[in-house]
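Now for the letters of each chain:
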Amino acid sequence: MSELSLQTTPEQQRALERFYHYEARLLDARQYQQWLTLVSPDIRYLMPSRVNVMVDNRQRGKESMISVERELEGEDSLGCPIREESYLHLMVRVERAFKINSWSENPPARTRRIVGNVELMAQEGDALSVLSNFHLYYARPGNADCIYSGQRRDLLVPAEQGYSISRREVVMDYANIEVPTLGLLL
Amino acid sequence: MTLRISDLVNAEASLVSRRCWSDPDVYALEKRGIFGRSWLFLGHESQISNPGDFVQAYMAETPIILSRGTDARIYANVNSCTHRGLPVCRADHGNTKRFICPYHNWSYSVEGDLVAIPQEGALCNKPDKAQLGLKRVSRVESWRGLVFGCFDEQIEPLESYLGDMRFYLDAFLDRFAGGIEFLGAPHRWVINANWKLPVENQLGDVNHGAFLHSAIIPREAQDLIEELGLSVVPRPGHGATFRLMPEDSPVDDMAWGMEGLGGMFGGDEVQEYLREIQAQAASRVGDIRARMKGLTYGIYPNLSFLWSNTSFKVSHPRGPGKVEYWSWAVVPADAPDHIKKILRTNYSSFFGPGGILEQEDSEVWIQQFQGSNIDYADDRPYYYGLGLGEEKVHPELPGLVSVTANEFYARHFYARWRDELQAVEDT
Ligand code: FES
Ligand SMILES: [Fe+2]
């Protein structure tokens, strides 16, 4: 997406940021059940795989030569995305978090995320296409701490708590996957 | 004090020293005695179907380019320039005529031959390019589309190396008239663990399911697995676990792919597609193999195949305490694209770096490596004796067969591992 974001009103921008800050706080506070209420039952939750592709000689000199999109094996590709999930998957993840035998999170990881660069890119009827970036600090007992970095490409629809997430694509910044899991709620 | 391999694994391989996992000297021996002398998985022919196609691979820590030559044959070369050693290929996969080294632009054909030295025009002495190609992997063979390479010229043919493991692999591979396809680039997950534990986990450790994964796998589901489950060692080092379904089982209980989230919730068309494959199974692979519903498979030393969540995995060592764990989703090659896209989630929902289940496995592999570094407990080797001597021959299934709680698959693995290291420890 190379275009400038939509001209928003300060109120609309504020509403989006308010929503994302609330969401981030719920996730860092491990209030996943409440987080799930921000998600629409027909959500597509996606995380493309990121690969090293050949440079296409014919693209030389153009921005498309090194575009991020070329590196992504997403839902439309015949590669293998890291995650292609529905509400059911997210529900299983949330339920798992509250079982004493979900061993990789016992004791649970300590996380802190900063969400920013919130840009409203398009609006179709009610649905808002919104980009945001995040950095997440992750400390799991017994492991070295690490940082998650990525971009979220959301489709939001207005709802009681501000918005409801009806689609989220998380583009992670990784070469090899050096974090303990990409199965977090991001 | 010098370390002797015979001190690490006892005669029946029921006791295995912590040092097998953590000692740098053991790892150095493994590189020579195992990774230098075994057939190692490089890729699948579906990844390089056209001349000029290539994918990257590894043989332990050695980077390899696996390619399809202009003569349609398969080549495997070390990805390192003969001039100063840089990798000449940087992409995970692609199609090319030449691999060009960035440093001084020596260029190599897709078969690995050196074709141009830009500097030579200015010089009188022309190097003999025929001697300066990329280093070939000594042996490359494929079976059912699975391509393996070996550094040792003397190794037995791949087919005899696989031995009766072929019987079990075919129960899956031969189910599909058009063969299988590996989707996309592998997920490359770096885990601070020793390479052998992911291997052992997929070789036959079905029983941890009820415990480690109890947050996700209900006890009743695990009971069903263990009730019908068999563990087989067709040849020491290889292993297969599966459920042998009763003859009157409903097709939906038997069919491959139905038990993954994609199969369960992917819609009628996918389920019909899976039933159709199962309907052909007996005529393709015979009655007993049509009733096999696989769980985990292992091919010595570091290739795994997870039938239930259809994925191939390779545990590439990066020293004693680190692995680069590669995994691919695998689908029938002739499935329509939209069905492939649903079936790949049978893998990714639960396994791989984003999977709901495997995050528990990777965590314990890391913790096991930490435990293996406790030198105060060196006199407390790990106990591998569960089910000692209880495996038997079976009237219809080749190899030794037992219940899944029997750890004989691991004993056979470590006995072979021990013998192969002993063969090189004094050389
Ligand atoms: S290092 Fe490859 S050309 Fe010099
Ligand atoms: Fe597991």
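The rules behind the values
Residues numbered from 1 in each chain as written. Chains lettered and ligands numbered in written order. Predicted model: local features only at pLDDT ≥ 70, side-chain atom pairs only at ≥ 80, totals over all residues. Heavy atoms only, no water. Phe/Tyr/Trp six-rings, centres within 6.5 Å; stacked < 30°, edge-to-face > 60°. Helix = DSSP H or I, 4+ residues; strand = E, 2+ residues; numbered from the N terminus. Buried < 20%, exposed > 50% of the residue type's maximum accessible area, 1.4 Å probe, protein only. Pairing = 2+ DSSP bridges. Axes fitted to C-alpha atoms, helices over the stretch in contact; angles between N-to-C directions. Salt bridge = Lys/Arg side-chain N within 4 Å of Asp/Glu carboxyl O. Contact = heavy atoms within 4.5 Å. Buried area = accessible area lost by both parts, 1.4 Å probe. Polar contact = N/O pair within 3.5 Å; in protein donor to acceptor, adjacent residues only side chain to side chain. Domains from an automatic or database assignment. Donors = N, O, S within 2.8 Å, 3.2 Å for Na, K, Ca; no water. Tetrahedral: all angles 85-135°; square planar, octahedral: opposite > 155°, others 65-115°. Parallel < 35°, antiparallel > 145°, perpendicular 65-115°, else oblique. Left-handed = near helix turned anticlockwise from the far one by under 90°. Nonpolar A, V, L, I, M, F, W, Y, C, P; charged D, E, K, R; others polar.

Moving on, we get to the packing of aromatic side chains. All names here are of chain B. Summed over the entire model, instances satisfying the criterion amount to 32 aromatic pairs over all chains. Note on Phe41 and Phe312: the rings are 6.3 Å apart at their centroids and 20 degrees apart in plane angle, and the pair reads as stacked. Remark: Phe312 occurs in strand E17 (residues 311-317) and Phe41 occurs in strand E2 (residues 40-44); sequence separation between them is 271 residues. The pair Phe41 / Phe312 is uniform in exposure class, with both members buried.

Further remarks concern helix H4 (residues 165-173) of chain B. Most of H4(B) sits inside the fold, with 7 of its 9 residues counted as buried. Residues of H4(B) that are buried: Met165(B), Tyr168(B), Leu169(B), Asp170(B), Ala171(B), Phe172(B) and Leu173(B).

Attention now goes to the side chain of Glu23(A). With respect to the helices and strands, Glu23(A) occurs in helix H1 (residues 10-28). On the basis of relative accessibility, which here comes to 0%, the residue Glu23(A) falls in the buried class.

Our focus in this paragraph is the sheet that holds strand E11 (residues 146-150) of chain B. All names here are of chain B. Taken in spatial order, the 3 strands of this open sheet run E2-E11-E10, and their pairing is antiparallel. Across the chains shown, the open sheet's two edge strands, defined by having one partner strand only, are E2 and strand E10 (139-143). Between one strand and the next, the sheet's axes are offset by a mean angle of 30 degrees, whatever the strand orientation. Relative to E11, E10 runs antiparallel, the two sharing 5 bridges. Paired with Glu141 across the bridge in E11 is Phe148.

A word on the pattern of salt bridges. Applying the stated criterion across every chain, the model contains 45 salt bridges over all chains. Here Glu84(A) makes a salt bridge to Arg344(B), at a shortest N to O gap of 2.8 Å. Note that Glu84(A) is positioned in strand E4 (residues 83-85) and Arg344(B) in the loop between helix H12 (337-343) and helix H13 (345-348), a pairing that runs across two chains. Classification of Glu84(A) by relative accessible area gives buried; the value is 7%. With a relative accessible area of 0%, Arg344(B) lands in the buried category. The partner of Arg219(B) in a salt bridge is Asp223(B), and the shortest N-O contact between them spans 2.9 Å. A residue pair is termed a helical-turn pair when its members lie 3 or 4 positions apart in one helix, as Arg219(B) and Asp223(B) do in helix H7 (residues 219-228) at 4 residues.

Taken together, the contacts link 42 residues of chain B with 40 residues of chain A. Both sides of the chain B and chain A interface together cover about 3,400 Å² of buried area, and 49% of this is carbon and sulfur. The largest per-residue losses of area from chain B upon contact with chain A belong to Ala215(B), Arg344(B) and Gln359(B), which jointly make up 17% of the total buried on that side. Summed over the shared surface of chain B and chain A, the result is 3 salt bridges. Connecting chain B to chain A are 24 residue pairs in polar contact (both at pLDDT 80 or more).

A few words now on the domain arrangement of chain B. All names here are of chain B. Per the domain assignment, the segments of chain B are domain 1 (40-142) and domain 2 (164-422). Listed as interface residues are 12 residues of domain 1 and, on the opposing side, 17 residues of domain 2. A combined buried area of about 1,200 Å² lies between domain 1 and domain 2, and 65% of that area is made up of carbon and sulfur atoms. For the pair domain 1 and domain 2, the interface holds 1 salt bridge. Arg188 is paired through a salt bridge with Asp92; the nearest N and O atoms lie 3.4 Å apart. Applying the counting rule to domain 1 against domain 2 returns 3 residue pairs in polar contact (both at pLDDT 80 or more). For the side of domain 1 that touches domain 2, the secondary-structure elements that each account for two or more residues are E2 and strand E3 (53-59).

Turning to the sheet that holds strand E5 (residues 110-124) of chain A, a few remarks are in order. Residue and element names in this part refer to chain A. Read from one edge to the other, the open sheet built from 6 strands follows the order E4-E1-E8-E7-E6-E5, with strand pairing classed as mixed. Sheet topology places E4 and E5 at the edges, where each strand pairs with a single neighbour. Ignoring which end each strand starts from, the neighbouring axes of this sheet average 20 degrees apart. Alignment of strand E1 (residues 39-47) against E4, held across 3 bridges, turns out to be antiparallel. Within E4, the residue paired with Met47 across the bridge is Arg83. On top of the sheet, H1 reaches E5, strand E6 (127-139), strand E7 (146-159) and strand E8 (162-172); it is set at about 150 degrees to E5, its chief contact. Docked against the sheet, helix H3 (residues 87-97) engages E1 and E4, running at close to 90 degrees with respect to E1.

Residue and element names in this part refer to chain B. In this structure, His208 (NE2), His213 (NE2), Asp361 (OD) and Asp361 (OD) serve as the protein donors to the iron ion (ligand 2), at separations of 2.0 to 2.6 Å. One way to put it: the 4 donor atoms around the iron ion (ligand 2) meet at angles of 55 to 149 degrees, and that makes the site irregular. Of note, the iron ion (ligand 2) draws all its donor residues from one chain, in the sequence arrangement H-x4-H-x147-D. Residue His213 is found in the loop between helix H6 (209-212) and H7, and its partner Asp361 is found in helix H14 (residues 358-372); the two are separated by 148 residues along the sequence. With respect to burial, His213 and Asp361 carry one shared label: buried.

The next thing to look at is the pairing of strand E4 (residues 62-68) of chain B. All names here are of chain B. Most of E4 is tucked away: 5 of the 7 residues are buried. Bridging between E3 and E4 involves 6 bridges; their strand directions are antiparallel. Each residue of the ladder has a partner; that of Phe54, found in E4, is Ser67. Where E4 meets strand E5 (residues 74-78), 5 bridges bridge the pair, whose relative direction is antiparallel. Residue pairing across strands places Ser67 opposite Tyr75, the latter belonging to E5. Taking the residues that link successive antiparallel strands as the turn, the E4-E5 hairpin has 5 residues, and the phi of Ala72 there is positive, at about 70 degrees.

Another aspect to go through is the packing of helix H5 (residues 196-204) of chain B against helix H15 (residues 408-422) of chain B. Residue and element names in this part refer to chain B. Across the interface, H5 lies against H15 with an axial gap of 9 Å and an inter-helix angle of 140 degrees. When the interaxial angle is binned, H5 and H15 end up oblique. Note that H5 runs across H15; the crossing there is right-handed. Note on element contacts: H15 touches H5 through Tyr409, Ala410, Phe413, Tyr414 and Trp417, opposite Lys196, Val199, Glu200, Leu203 and Gly204. Among the residues making up the contact of H5 with H15, the classes are represented as 7 nonpolar, 1 polar and 2 charged.

Residue and element names in this part refer to chain A. Mapped onto the elements, Ser164 comes out in strand E8. Ser164 sits in the buried class, given a relative accessible area of 12%. A distance of 3.4 Å separates a polar side-chain atom of Ser164 from the backbone nitrogen of Ser40. Leaving out residues up to four positions away in the same chain, Ser164 has contacts with Leu38, Val39, Ser40, Leu155, Leu156, Val157 and Ala159.

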